[in-house]
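Results of the structural survey
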Amino acid sequence: MSKDLILVEKYDEFLKYIYPKLQQIPKNHGVLKARVINLVFEQPEIFYKAIKSNHISKLYEADASLASIRHMIRFLSSFETVVYVEDKKNIGKKIRKNGKFLLDKTADRHASLLLVEVGKILGAAISSKQKRQ
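Right, let's walk through the structure included here. (Residues numbered from 1 in each chain as written. Predicted model: local features only at pLDDT ≥ 70, side-chain atom pairs only at ≥ 80, totals over all residues. Heavy atoms only, no water.)

Turning to unusual backbone geometry, a few remarks are in order. Residues other than glycine seldom take positive phi values, yet Asn 54 does so here, at roughly 65°. Here Asn 54 shows up in the loop between helix H2 (30-53) and helix H3 (56-78). (Helix = DSSP H or I, 4+ residues; strand = E, 2+ residues; numbered from the N terminus.)

The next subject is the packing of aromatic side chains. Tallying each qualifying case throughout the model produces four aromatic pairs. Their ring planes at 80° and their centres at 5.4 Å tell us that Tyr 19 and Phe 41 sit as a pair that is edge-to-face. One end of the pair, Tyr 19, is in helix H1 (residues 3-23); the other, Phe 41, is in helix H2, and 22 residues separate them in sequence. Aromatic pair Phe 75 and Phe 79: ring centres 5.5 Å apart, planes at 50°, arrangement tilted. One aromatic cluster in this structure is built from Tyr 11, Phe 14 and Phe 47. (Phe/Tyr/Trp six-rings, centres within 6.5 Å; stacked < 30°, edge-to-face > 60°.)

So, about the packing of H3 against helix H4 (residues 105-132). The N-to-C vectors of H3 and H4 enclose an angle of 170°; their axes lie 10 Å apart at closest approach. The angle between H3 and H4 falls in the class roughly antiparallel. In this structure, H3 contributes Ile 56, Leu 59, Tyr 60, Ala 62, Asp 63, Leu 66, Ile 69, Arg 70, Ile 73, Arg 74, Ser 77 and Ser 78 to the contact, and H4 contributes Lys 105, Asp 108, Ala 111, Leu 115, Val 118, Gly 119, Leu 122, Ala 125, Ile 126, Lys 129 and Gln 130. For the contact of H3 with H4, a count of residues per class yields 13 nonpolar, four polar and six charged. (Axes fitted to C-alpha atoms, helices over the stretch in contact; angles between N-to-C directions. Parallel < 35°, antiparallel > 145°, perpendicular 65-115°, else oblique. Contact = heavy atoms within 4.5 Å. Nonpolar A, V, L, I, M, F, W, Y, C, P; charged D, E, K, R; others polar.)

Here the structure, examined in full by the defined rule, presents four salt bridges. The closest approach of N and O atoms between Glu 45 and Lys 49, which form a salt bridge, is 3.2 Å. Taken together, the residues Glu 45 and Lys 49, both in helix H2 and four residues apart, mark about one turn of the helix. On the accessibility criterion, Glu 45 (46% relative accessible area) is partly exposed. Close ionic contact of Glu 61 with Lys 58 constitutes a salt bridge, the shortest N to O distance being 3.8 Å. Taken together, the residues span about one helical turn, with Glu 61 and Lys 58 both in helix H3 at a distance of three residues. With relative accessibility at 46%, the residue Glu 61 sits in the partly exposed group. Among the charged side chains, a salt-bridge network with shared partners connects Lys 10, Glu 13 and Glu 117. (Salt bridge = Lys/Arg side-chain N within 4 Å of Asp/Glu carboxyl O. Buried < 20%, exposed > 50% of the residue type's maximum accessible area, 1.4 Å probe, protein only.)

Below you can see the structure in the form of structure tokens.
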């Protein structure tokens, strides 16, 4: 199996892990949820274009896109939802309480580790390409 396919296979491991987590994001964060899902599912196409084009600039594009995904994963794990509950002392009033994070810290850590593996393979491909030029 070529190194190129290993890159995509490792990324598929990330996708299989993160997709169910992304589906659990509440509907009221639908725009953010859709954006992240689009980002993670566009990445394999970016990898294939980079691999097939044989241009180092496309590898750098793939690396930049991967950095965007890392950023969004970190953002989701730092974004805390807000919940309003009835105040038992003051009928009709609501109290603001902190809710859950859109992505829990454990999921963030695991997803980040999976992306590090992908990044290492991509980095090796970039280094290899630089040496050949």
